Amino acid sequence: MRLRTYFIETRGCPMNVHDSERLEGQLIASGLRPAADAGSADLVLLNTCAVRERPVQKIHGRIDQLARLPRPPAVAICGCVAQQEADALLERSASVVLVLGPRKVGRLAGLLHRVEQGERLVVTGFDETPGGDPHLGHHATPYRGMVTVTEGCDEFCTYCVVPYTRGREASRPVNAIAAEVGHLVAGGVSEILLLGQTINSYRCPQTGVGFAALLDRLASAGPHIPRLRFLTSHPRHFDDLLIETIAAHPHLSRYLHLPVQAGSDAVLSRMKRRYTRAEYLELIERIRQAVPEANLSTDVIVGFPGETEADFLQTLDLLETVRFGQVFAFAFSPRPRTPAARYADAVPEPVKKERLHRLFEVTDRIERELNETLVGTVQEVLIEGDSRRSGAEWQGRGADNRVVNFAKVGDDRPGDIVPVRITAAAAHSLHGDRIPAEPYHRFVPRTLPVLDRAMPQTKRGEPGPREPRP
Ligand code: SAM
Ligand code: SF4
Ligand code: F3S
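Cut-offs applied
- Residues numbered from 1 in each chain as written.
- Chains lettered and ligands numbered in written order.
- Predicted model: local features only at pLDDT ≥ 70, side-chain atom pairs only at ≥ 80, totals over all residues.
- Heavy atoms only, no water.
- Phe/Tyr/Trp six-rings, centres within 6.5 Å; stacked < 30°, edge-to-face > 60°.
- Lys NZ or Arg CZ within 6 Å of the ring centre and 35° of its normal.
- Pairing = 2+ DSSP bridges.
- Helix = DSSP H or I, 4+ residues; strand = E, 2+ residues; numbered from the N terminus.
- Contact = heavy atoms within 4.5 Å.
- Axes fitted to C-alpha atoms, helices over the stretch in contact; angles between N-to-C directions.
- Near = heavy atom within 4 Å.
- Polar contact = N/O pair within 3.5 Å; in protein donor to acceptor, adjacent residues only side chain to side chain.
- Areas by Shrake-Rupley, 256 points an atom, 1.4 Å probe, with all protein chains shown as cover.
- Core = buried A, V, L, I, M, F, W, Y, C linked by side-chain atoms within 4.5 Å.
- Buried < 20%, exposed > 50% of the residue type's maximum accessible area, 1.4 Å probe, protein only.
- Nonpolar A, V, L, I, M, F, W, Y, C, P; charged D, E, K, R; others polar.
- Salt bridge = Lys/Arg side-chain N within 4 Å of Asp/Glu carboxyl O.

A. The packing of aromatic side chains, seen in detail. Under the criterion given, the structure shown has eight aromatic pairs. Members of the aromatic cluster, joined through ring pairs, are Tyr159, Phe304, Phe332 and Tyr343. One cation-aromatic arrangement involves Arg52 over Phe330; the distance from NZ or CZ to the ring centre is 3.8 Å. Taking the ring centre of Trp394 as reference, the NZ or CZ of Lys408 above it sits at 4.2 Å.

This is the structure in structure tokens:
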């Protein structure tokens, strides 16, 4: 079998989006070309998410669908389902030729030849291979550079599959991160997105430097980064030094994602989040005092086992108290190997659905009210592309990550950061007019030589996931 063309389908979080960039970079460097669609590709790469049951079912359906195409492509399964189901995916369909775990992304180029020879391979696990992943400079979004700060997770929240699919937390050396960021900025990107499941528990394996110091170094160093964002922070690692660092650098993102998951101490304790409702609210207070313009967003799980109506009302009350700019809410989905999948007192599906519905009524109202306070203000909008409604409008994001749509004028392009006066607000977006003034930043892509990308090193040199910490 000769693989000439590829097609990639990506589900899941920004870590998966970045892994797809790394996978695509290796395919291009190996001489493959992008196909117009899955049906015309020699190799279809499915980069998968296992965080809830529904996306996993969809992947199974997609594998079966691809196998029924008139000319079935070879299929590579990457991402969290690959790590979770491993050999079972080879058994599911003869089309599946490669199963590649998320910590093995850098191995793709080296495996293609064996796949072409007819081998069917399962490459999963968490052992590190330093230096095994050349960063090939491919960006799915040309103006955005994504940079891994930590991989994996050590938190072992009782509902979550991530520590089992991505392995123990591993931090990259501060110098490797700074070099990659500097390279991307010299290449002209308008935005850097730093990535980690609990990014603020970062600790440089060489110098011991923490996340606040890393951010300070990146934000202080030249060349200037037009927009610097990071995902995702865990509330229990969000310390005063980090708050001070964000406050001290006005061009650091004013969008802070701080998943709370629940508003009841009983549920938080069974989730093993290791903070209380009061501690979370006190953290929000400290952030708001130091960075009043911050746009806070959060994740919530409804219908966690044992969640009573009173527990749920405490979650609604917390949402009313904090007034987040954006809330991502999910119905609890039991996941393999996680303790919560074995907890008694499952909440019935219709109750989960009804609670989710009530939650969105509250959050939609709050988000609309917050957006309305921005009417009349001028926002620095990074243009992302055409708006969903019309090719005559751009869609972009303000410094606080809010979606802003506005009519196209002049020669603005995606990647430019431009001034927009807000004229109208809805629950999930703003509308505005481009102010006739010079852009804050013009996106001018430059081609630079390939940079070697060192793999992360585990904090304590441990290989894979072990039992959760007490
Ligand atoms: N690391 C981040 C954190 O600590 O919150 C988020 C990681 S997770 C990939 C993204 C979100 O999915 C979580 O914040 C949680 O709200 C949701 N999630 C995780 N496991 C879930 C489950 N079993 N059922 C429903 N939602 C879940
Ligand atoms: Fe999952 Fe919790 Fe880790 Fe987030 S912190 S990835 S929710 S285990
Ligand atoms: Fe999904 Fe894995 Fe990300 S489970 S959310 S792709 S870490």
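B. Focus on the sheet that holds strand S4 (residues 74-79). What the six strands build is an open sheet, ordered S2-S1-S3-S4-S5-S6; its pairing is parallel. Edge positions in the sheet fall to strand S2 (33-34) and strand S6 (121-123), since each has one partner strand and no second. Inspection of the sheet shows strand S3 (residues 43-48) paired to S4 by six bridges, in the parallel sense. For Val44, the partnering residue across the bridge sits in S4 and is Val75. In the packing of helix H1 (residues 14-29) onto the sheet, contacts are made with strand S1 (5-10), S3, S4 and strand S5 (96-100), and the angle to S1 comes to roughly 175°. Taken strand by strand, helix H5 (residues 108-116) contacts S3, S5 and S6, and its axis lies near 160° from that of S5.

C. Spotlight on the site of ligand 1. By nearness alone, 16 residues border ligand 1, and Tyr159, Gln197, Gln261, Asp299 and Ser333 come closest of all. Contact distances for ligand 1 include 2.6 Å between an oxygen atom and a side-chain N or O atom of Asp299. Taking Ser333, its main chain carries an N or O atom lying 2.7 Å from a nitrogen atom of ligand 1. Alone, ligand 1 offers 560 Å² of accessible surface; in the complex the protein occludes 91% of this.

D. Seen up close, the nonpolar core. Core analysis: the biggest nonpolar cluster contains 67 residues, and Ile192 and Leu194 have the highest contact counts within it. The residues touching Leu194, leaving out its near neighbours within four places in the chain, are Val147, Val149, Val181, Ile199, Phe211, Leu215, Leu218, Leu228, Arg229, Phe230 and Leu231. Among the nonpolar cores identified, the runner-up in size contains 21 residues, and Ala74, Leu98, Leu108 and Leu112 belong to it.

E. Focus on the site of ligand 2. In the neighbourhood of ligand 2, the contacting residues comprise Cys153, Glu155, Phe156, Cys157, Tyr159, Cys160, Val162, Pro163, Gln197, Thr198, His234 and Arg273. Class assignment for the residues of the shell around ligand 2 results in seven nonpolar, three polar and two charged.

F. The pattern of salt bridges, seen in detail. Enumeration according to the criterion identifies 37 salt bridges in this entry. The residue Glu293 makes a salt bridge to Arg254 at a minimum N-O spacing of 3.0 Å. Residue Glu293 is located in the loop between helix H11 (277-290) and strand S13 (295-302), and its partner Arg254 is located in the loop between helix H9 (240-248) and strand S12 (255-257); the two are separated by 39 residues in the primary sequence. For Glu293, a relative accessible area of 46% translates into the label partly exposed. Ionic contacts of the salt-bridge type, sharing partners, join the residues Asp19, Arg22, Arg103, Glu151 and Arg166 into one network.

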